[in-house]
Amino acid sequence: MQTNLQFPNLDTARLTLNTLTIDDNDRLFSIFSDQAVVKFYNIEAFTSKQQSLDLIDLFNQRFKQQEGIRWAIRLKETGELIGTCGFNSFNSKMHNAVIGYEFASDHWGKGYATEALNAIIALVYSDNSPFGELYRIQADTMLGNDASESVLKKLGFKQEGIRRASGFWKNQYHDLTCFGLLKPEFTPR
């Protein structure tokens, strides 16, 4: 990644993607306290607003330290925060990144995930990517997360296999389906 990198704001037809702020705390808490949202996530549902403040800080620190980036996803018309997406980690030496996302359950099934992820993938695979050369993006889903797998497949991700007992959270091991998208395979939607 470049030094002194400015946070890249993005716009799509229906969405604005920008940085999370403490003003997003109440809405982020609402999203992450929803059992349906965290069902396939590696965290428990939030029980305090301090947890969402800590998450905002974590996401923003990752960007400052050039370890990852997480965008707030907002409806363009209203500015309402409906989720986040981004790259949980970058490995500049290996030219790859790991993608992640979640959306408020009242906004599922409207195509927002595909729209937001398409924008951030197009950015990192562009010739002017502010994050340096990336060639591979990886996504991992828990078995049974059919909606997330559908989004990934729409964007061109290939299912590469199941990594047995690859995750441990909520006091149990989880098999994860590994998806990968290589730069030459991506066609912006």
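Details of the structure are given in the entry above.
Since this is a predicted model, take the numbers as computed values, not measurements.

## Side note on unusual backbone geometry
The backbone of Gln-66 shows a phi angle near 55 degrees, a positive value even though the residue is not glycine. Turning to its location among the elements, Gln-66 is positioned in the loop between helix H3 (49-64) and strand E3 (69-75). Not every positive phi belongs to a glycine, and His-95 is a case in point at roughly 60 degrees. Counting through the fold element by element, His-95 comes out in the loop between strand E4 (81-91) and strand E5 (96-103). By relative accessible area, which is 32% here, His-95 ends up partly exposed.

## Structural notes on the packing of helix H1 (residues 25-32) against H3
Where H1 contacts H3, the axes come no closer than 9 Å and their chain directions differ by 105 degrees. As the angle between them shows, H1 and H3 are arranged roughly perpendicular. Along its contact with H1, which presents Asn-25, Asp-26, Leu-28, Phe-29 and Phe-32, the element H3 presents Lys-49, Ser-52, Leu-53, Leu-55 and Ile-56. Here the residues of the contact of H1 with H3 are counted per class, giving six nonpolar, two polar and two charged.

Cut-offs and rules
- Residues numbered from 1 in each chain as written.
- Predicted model: local features only at pLDDT ≥ 70, side-chain atom pairs only at ≥ 80, totals over all residues.
- Heavy atoms only, no water.
- Helix = DSSP H or I, 4+ residues; strand = E, 2+ residues; numbered from the N terminus.
- Buried < 20%, exposed > 50% of the residue type's maximum accessible area, 1.4 Å probe, protein only.
- Axes fitted to C-alpha atoms, helices over the stretch in contact; angles between N-to-C directions.
- Parallel < 35°, antiparallel > 145°, perpendicular 65-115°, else oblique.
- Contact = heavy atoms within 4.5 Å.
- Nonpolar A, V, L, I, M, F, W, Y, C, P; charged D, E, K, R; others polar.

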